[in-house]
Amino acid sequence: MFHDPGPSQVRIWLAVGRTDMRRGMQGLALQVQETLGRDPHAGDLYVFRGRSGNLIKIIWHDGLGMSLYAKRLEKGRFLWPSPADGTVSISPAQLAYLLDGIDWRNPRHTFRPQRAG
């Protein structure tokens, strides 16, 4: 989905709470600056969820320009931290679970060996 930004560690930030999903790249970038106190042009991914919970938007600046990604689930909702959780950073693997509508906070393996050998 996103081109490899190189050796730097890209962080993924969830904008906790609800976001007005009518916002585009500029409005979301402004929210990153004002609400999260972060630089939207620094190369990190910022993920936003609307009130209904079935739509997320991600903005990312790759050094050349800003990208906007949106995904709407046909069934279910994206699991989201509460505003009381404050600023939340997740791993790329957790983002992959989130995008698939899976509980990224506690994914479970379908098989666990009972013993070695």
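Residues numbered from 1 in each chain as written. Predicted model: local features only at pLDDT ≥ 70, side-chain atom pairs only at ≥ 80, totals over all residues. Heavy atoms only, no water.

Student: Summarise the pattern of salt bridges; cite the residues concerned and give the values.
Tutor: Where charged atoms from two side chains of opposite charge approach closely, those side chains can pair. Counted under the stated rule, the structure contains three salt bridges. R105 is the salt-bridge partner of D103, the closest N and O atoms lying 3.0 Å from each other. Classification of R105 by relative accessible area gives partly exposed; the value is 48%. (Salt bridge = Lys/Arg side-chain N within 4 Å of Asp/Glu carboxyl O. Buried < 20%, exposed > 50% of the residue type's maximum accessible area, 1.4 Å probe, protein only.)

Student: Talk me through the sheet that holds strand β3 (residues 55–61); I want residue IDs and the actual numbers.
Tutor: Read across the sheet, five strands follow the order β4-β3-β2-β1-β5 without closing on themselves; strand pairing throughout is mixed. Bordering the open sheet on either side are β4 (66–72) and β5 (88–90), each of which pairs with just one other strand. Direction aside, the axes of adjacent strands within the sheet are offset by 25° on average. Where strand β1 (residues 12–14) meets strand β2 (residues 45–49), three bridges bridge the pair, whose relative direction is parallel. Across the sheet, L14 pairs through a bridge with V47, a residue of β2. Contacts from helix α2 (residues 92–99) reach β1, β2, β3, β4 and β5 within the one sheet, and its direction differs from that of β5 by about 95°. (Pairing = 2+ DSSP bridges. Helix = DSSP H or I, 4+ residues; strand = E, 2+ residues; numbered from the N terminus. Axes fitted to C-alpha atoms, helices over the stretch in contact; angles between N-to-C directions. Contact = heavy atoms within 4.5 Å.)

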